[in-house]
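# Topology and contacts: notes
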Amino acid sequence: PKTDTWKKLAPIPTPRDHLTVSVANGLLYAIGGRVNVNYNQNLNANEAYDPKSNRWKVRASLPTARSGITSQTISGKIYVFGGESGEGTFDENEAYDPKADQWSSQPPMPKSCHGLGSAIVNGKIHLLNGGPHPGGGGSTYHQVFTPE
């Protein structure tokens with residue numbers, strides 16, 4: 001922004017869309033997504049970008065391949081919520097611990113959806129709106145998750 005210029009960096013190893021991105025411990029994590037805007041081609045990719053070295057590293061795969069997801073980082077863990085596929089929407093909530101390079105299942109969302117937004121407010125993750133059916137739509141959902 002200081003110079004109003006762009007710089008080409010290392011390309012992401014797994015090109016995709018409808019993924020989620022979060023930051024933990026100074027690294028940028030690109031998680032999930034799908035190929036060619038097709039929710040029948042969901043991915044479980046999890047790749048970390050180090051801005052200091054301009055390199056990507058493949059990390060432990062997302063347990064549930066899905067797209068149209070959201071994520072937030074609290075206390076060093078990345079929580080990944082929701083998603084869609086040709087079968088329906090997901091209520092999955094899975095947490096990634098970057099230091100251990102391990103995933104764990106968390107309590108599911110009360111209502112499954114995709115394309116949702118999220119924000120951290122007072123130590124809780126607020127999950128906003130999202131489509132209850134694959135391929136679009138919307139809702140007025142407001143779900144709240146409190147990390148352990």
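Coordinates for the structure precede this section.
With that settled, the discussion passes to the overall build of the protein chain. In terms of regular secondary structure, the protein chain is built from 0 helices and 15 strands. Each principal axis of the C-alpha atoms in the protein chain carries an extent, and together these give about 40 × 35 × 30 Å. A total of 148 residues make up the protein chain; the buried ones form 42% of that total. When contacts within the protein chain are restricted to residue pairs at least 6 apart in sequence, those whose partners lie at least 24 apart make up 43%. About 8200 Å² of surface is accessible on the protein chain, with carbon and sulfur atoms providing 51% of the total. Between the centroid of the 14 positive side chains of the protein chain and the centroid of its 12 negative side chains there is a distance of 9 Å.

Moving on to the pattern of salt bridges. Per the counting criterion, the structure on display carries 5 salt bridges. Between Asp17 and Arg34 there is a salt bridge, and its shortest N-O distance comes to 3.4 Å. You can see Asp17 sitting in the segment before β1 (20–24) and its partner Arg34 sitting in strand β3 (residues 34–35), a full 17 residues away along the chain. The exposure classification of Asp17 matches that of Arg34, with both residues buried. For Arg34, a relative accessible area of 4% puts it in the buried group. Each of Asp17, Arg34 and Glu84 takes part in one network of salt bridges that share partners.

It is worth spelling out the sheet that holds strand β13 (residues 117–121) at this point. Taken in spatial order, the 3 strands make up an open sheet running β13-β14-β15, and their pairing is antiparallel. Strands with a single pairing partner mark the edges of an open sheet, and in this sheet they are β13 and β15 (142–145). Averaged over all neighbouring strand pairs, the angle between strand axes comes to 25°, with direction disregarded.

A few words now on unusual backbone geometry. If you check the backbone angles, Ser75 has positive phi at about 50° while not being a glycine. Judged by its relative accessible area of 76%, Ser75 is exposed. Unlike most non-glycine residues, Asn129 shows phi in positive territory, near 60°. Along the chain, the position of Asn129 falls in the loop between β14 (124–128) and β15.

Rules and cut-offs
Residues numbered from 1 in each chain as written. Predicted model: local features only at pLDDT ≥ 70, side-chain atom pairs only at ≥ 80, totals over all residues. Heavy atoms only, no water. Helix = DSSP H or I, 4+ residues; strand = E, 2+ residues; numbered from the N terminus. Buried < 20%, exposed > 50% of the residue type's maximum accessible area, 1.4 Å probe, protein only. Contact = heavy atoms within 4.5 Å. Areas by Shrake-Rupley, 256 points an atom, 1.4 Å probe, with all protein chains shown as cover. Lys, Arg positive; Asp, Glu negative; His and termini not counted. Charge placed at Lys NZ, Arg CZ, Asp CG, Glu CD. Salt bridge = Lys/Arg side-chain N within 4 Å of Asp/Glu carboxyl O. Pairing = 2+ DSSP bridges. Axes fitted to C-alpha atoms, helices over the stretch in contact; angles between N-to-C directions.

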